[in-house]
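Fold and geometry: a report
Now for the letters of each chain:
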Amino acid sequence: QVQLVESGGGLVQAGGSLRLSCAASGAIVSINFMAWYRQAPGKQRELVARVTNIGNTNYADSVKGRFAISRDNAKNTVFLQMNSLKPEDTAVYYCNAGIRTSWYASSDYWGQGTQVTVSS
């Protein structure tokens, strides 16, 4: 019953900005981490950014200094602020979360993905 719903994707010109949001809902006891991945056609899905329950973050080298991940723990929501976008950022972006649903059960959950297209 846990669901992740992304929003904020779209078409933007190179150099522009987008802000992605992902809200988790359902039988959530706690969230260990939330992350953003992306996948372009014919390529493997790659980690873009990740934030843990205590606020530690990490980023793919390709987005360091341009993207920022943040989390609103009270709302079970993660954001990805994307600045200085490049055409190579074009991909489907997926929200990912490690969620504890009971004292004995923790699993990874995925959103449906949102398309980000950066034109040159």
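Quick note: structure is the one above.
These numbers come from a predicted model, not from an experiment. (Residues numbered from 1 in each chain as written. Predicted model: local features only at pLDDT ≥ 70, side-chain atom pairs only at ≥ 80, totals over all residues. Heavy atoms only, no water.)

1. Here's the deal with the overall build of the chain
Stated formally: Here a strand is any run of E in DSSP of at least two residues, a helix any run of H or I of at least four, and the numbering for each starts at the N terminus. All radius of gyration figures rest on C-alpha atoms, and the globule criterion is 2.2 Å times the number of residues raised to 0.38. Whether two residues touch is decided by their heavy atoms; if any such pair falls within 4.5 Å, the residues are in contact. In these tables, accessible area is a Shrake-Rupley quantity obtained with a 1.4 Å probe, and a residue counts as shielded only by the protein chains included in the view. Positive charges are assigned to Lys and Arg, negative charges to Asp and Glu, while His and the chain termini are left out of the count. The atoms used to mark charge sites are NZ of Lys, CZ of Arg, CG of Asp and CD of Glu.
A tally of helices and strands in the chain yields zero helices and eleven strands. Listing every helix and strand of the chain by position from the N terminus yields β-β-β-β-β-β-β-β-β-β-β. A compact globule built from 120 residues would reach a C-alpha radius of gyration of about 14 Å, and the chain, at 14 Å, matches this within 12%. Along the three orthogonal principal directions, the C-alpha set of the chain runs to about 50 × 25 × 25 Å. Put simply, of all contacts in the chain between residues at least 6 apart along the chain, 55% involve residues at least 24 apart. When the accessible area of the chain is evaluated, it comes to approximately 6300 Å², of which 47% is carbon and sulfur surface. Across the chain, the 11 positively charged side chains and the 7 negatively charged ones have centroids separated by 3 Å.

2. Things to note about the pattern of salt bridges
Basically, it comes down to this: Throughout this description, the term salt bridge denotes a Lys or Arg side-chain nitrogen within 4 Å of a carboxyl oxygen of Asp or Glu.
Following the criterion strictly, the structure yields four salt bridges and no others. Put simply, arginine 38 and glutamate 46 hold a salt bridge, and the shortest N to O gap is 2.9 Å. Aspartate 61 is paired through a salt bridge with lysine 64; the nearest N and O atoms lie 3.0 Å apart. One connected set of salt bridges, linked through shared partners, spans Arg38, Glu46, Arg66 and Asp89.

3. Here we look at the sheet that holds strand S3 (residues 18–25)
Two strands in a sheet stick together by hydrogen bonds in their backbones, pointing the same way (parallel) or opposite ways (antiparallel). Condition: Any two strands between which DSSP finds at least two bridges are classified as paired. Lines fitted to C-alpha atoms define the axes here, with helix axes fitted over just the stretch in contact, and angles between the N-to-C directions of these axes take values from 0 to 180 degrees.
What the four strands build is an open sheet, ordered S1-S3-S8-S7; its pairing is antiparallel. Each having just a single partner strand, strand S1 (3–7) and strand S7 (67–72) make up the two edges of the open sheet. Averaged over all adjacent pairs, the angle separating strand axes in this sheet is 15 degrees, with direction ignored. Sheet topology note: the S3/strand S8 (residues 77–82) ladder contains six bridges and is antiparallel. In the sheet register, leucine 20 faces S8, and the bridge partner there is leucine 80.

4. Side note on the pairing of strand S11 (residues 114–119)
The condition is simple: Relative accessibility decides the category of a residue: with a 1.4 Å probe and only protein chains considered, values under 20% of the type maximum give buried, values over 50% give exposed, and everything between is partly exposed.
Only one face of S11 is covered, namely the face carrying Thr114, Val116 and Val118; the face carrying Gln115, Thr117 and Ser119 is uncovered. Pairing geometry for strand S2 (residues 10–13) and S11, over four bridges, is parallel. Residue pairing in the sheet places glutamine 13 in a bridge with serine 119 of S11.

5. Describing the pairing of strand S10 (residues 106–110)
Both strand S9 (residues 91–100) and S10 contribute to a ladder of five bridges, which runs antiparallel. Looking across to S10, one finds that asparagine 96 is bridged to tryptophan 110. A loop of five residues connects S9 with S10, the two strands running antiparallel in sequence.

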